[in-house]
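The chain contents come next:
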Amino acid sequence: MQNSGSIRVTIVQNNPDFGQVEKNMTSVESLILDQKDPTSNLVVLPELFATGYQFLTKKETSDLSEPEDGPTFKFLSRLSRETGAVVVGGVPIRRPDGVSNGALVVSKDRLLVSYDKVHLFDRERDLFIEGRSPLPVVETPFGLLGVMICFDWLFPEALRSLALSGATVVAHPSNWVLPFGPQGMILRSVENRVFTVTANRVGTEARGGLPPLRYIGESQIVSPKGEVLARASQSEAQIITAAIRPSEALSKKVAERSDFFAQRRPELYHPGLSKKED
Ligand code: ACM
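Residues numbered from 1 in each chain as written. Predicted model: local features only at pLDDT ≥ 70, side-chain atom pairs only at ≥ 80, totals over all residues. Heavy atoms only, no water.

Novice: Can you walk me through the nonpolar core in this structure?
Specialist: The tendency in soluble globular proteins is for nonpolar side chains to be buried side by side. Within the largest apolar cluster, 45 residues are counted, with the highest numbers of intra-cluster contacts made by Leu42, Val105 and Leu145. A total of four residues in this core trace back to one element, the largest contributor, which is helix H5 (residues 156–164). Excluding anything up to four places from it in sequence, Val105 contacts Val86, Val87, Val88, Arg110, Leu111, Leu112, Val113, Val138, Leu145 and Val147. (Core = buried A, V, L, I, M, F, W, Y, C linked by side-chain atoms within 4.5 Å. Buried < 20%, exposed > 50% of the residue type's maximum accessible area, 1.4 Å probe, protein only. Helix = DSSP H or I, 4+ residues; strand = E, 2+ residues; numbered from the N terminus. Contact = heavy atoms within 4.5 Å.)

And the structure:
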C-alpha cells in the first residue's frame, strides 16, 4: 500500500578500509548515531560498504563473503532497530555456485529481499557470479522500493523495469568511479519519474599493483522531476538526508494528455532493421 505522507531518507557515504569489516561497520554506525536525530524511514549504504571493493582474487571474495543471514544482515538489522528505517546495503553474498555482488534489504529482524547484481562492472566479471533474477521491488511501509547496484544504472532497462513494476523509490548502493554517474542518475529519475537514492563511497583503493580506484562520492537523493534534494561531497565520509513524498512518483503524467508510461509503444522498440532493397 502507498503511504501518501512524507518520509525521511538517509544516505551513509563512507570510506571503508579494505577487509576491515568490523571497523567499517562501527564507523557507519557512528556516523548514523552521531546525528542529532538518527530516526529515518529509509537508510541506504554503499555497495560492498563493509568489505571494500578492490578484491584481487576469487579467493578473497570468497573469504569475505557471507550467507544472507550472516554478520552484515545482523548489522543492518541492528541499524534498522536503532533508526526505525528499512535499511539497504551491499555485501558479497555466498551462493551455491559462487559469490555475488549483492545487496540486502532489512526491516527490523526481517530480510525483505536480497539482490545479486545483474550487470557486473569491469574486473567484477572475474570475481563475482552474475545475478540471474529480476531486479527486486519490495513492499515497505512507504510503498514499493526498487533496488539496483551501481553499474546497473547504465542499463536504462534496469531502472525502467523497477519503475514499471511500481517502484516509487529506488535504492542504489554504489561504488562510483566513473565521473558521469551523478548527472546520469538525474536523467534516470526524470525518465522514470521516481526518487533515486544513490549511496556512494569516497577514498582510494590501490591494492596488489592494480591501477588505483578513486571513488567519487557525490551520493545523492534525486526527485522524479530531476531536483537534487541532497548531494554529498566528493571526499568526505558523511550523512545526507532529505524528506520525500514517494506518492509523487505514482503519476507518470507530464502534460494533460501525456502519461509517458501509458504512452509507451514497446511493440516498436526493437533493434533497427535495415530495409532490404530487392
Ligand atoms: C561499479 O559498478 N561499482 C562501478
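Novice: Whenever I open this one, the sheet that holds strand E4 (residues 98–107) confuses me. Can you help?
Specialist: To summarise the sheet geometry, strands pair through backbone hydrogen bonds and adopt either a parallel or an antiparallel arrangement. If you walk across this open sheet you meet the six strands as E5-E4-E3-E2-E1-E14, and the pairing is mixed. Where the open sheet ends on each side, the last strands, each with one partner, are strand E5 (110–116) and strand E14 (238–244). Put simply, the sheet's adjacent strands are angled 30° from each other on average, direction ignored. Pairing geometry for E4 and E5, over six bridges, is antiparallel. Across the sheet, Ser107 pairs through a bridge with Arg110, a residue of E5. Running over the sheet, helix H1 (residues 21–33) touches strand E1 (7–13), strand E2 (42–44) and E14 and is turned about 140° from E1. Seen against the sheet, helix H3 (residues 71–83) touches E2, strand E3 (86–95), E4 and E5 and runs at an angle of roughly 20° to E4. (Pairing = 2+ DSSP bridges. Axes fitted to C-alpha atoms, helices over the stretch in contact; angles between N-to-C directions.)

Novice: I would appreciate a short explanation of the pairing of strand E13 (residues 228–231) in the present structure.
Specialist: Remark: a regular strand shows side chains that alternate across the two faces of the sheet. Sheet topology places strand E12 (residues 220–222) next to E13; three bridges connect them, and they run antiparallel. Counterpart to Ile221 in the pairing with E13 is Ala230. Hairpin connection from E12 to E13: five residues lie between these consecutive antiparallel strands, with Gly226 at a positive phi of about 85°.

Novice: I keep staring at the pattern of salt bridges and nothing clicks. Help me out?
Specialist: Once their charged atoms are close, side chains differing in charge can pair, the charge on each being opposite to the other. One pass over the full model with this rule turns up 15 salt bridges. The closest approach of N and O atoms between Glu256 and Lys253, which form a salt bridge, is 3.9 Å. With relative accessibility at 40%, the residue Lys253 sits in the partly exposed group. Each of the salt bridges in this network shares a partner with another, and the network as a whole consists of Glu29, Arg78 and Glu82. (Salt bridge = Lys/Arg side-chain N within 4 Å of Asp/Glu carboxyl O.)

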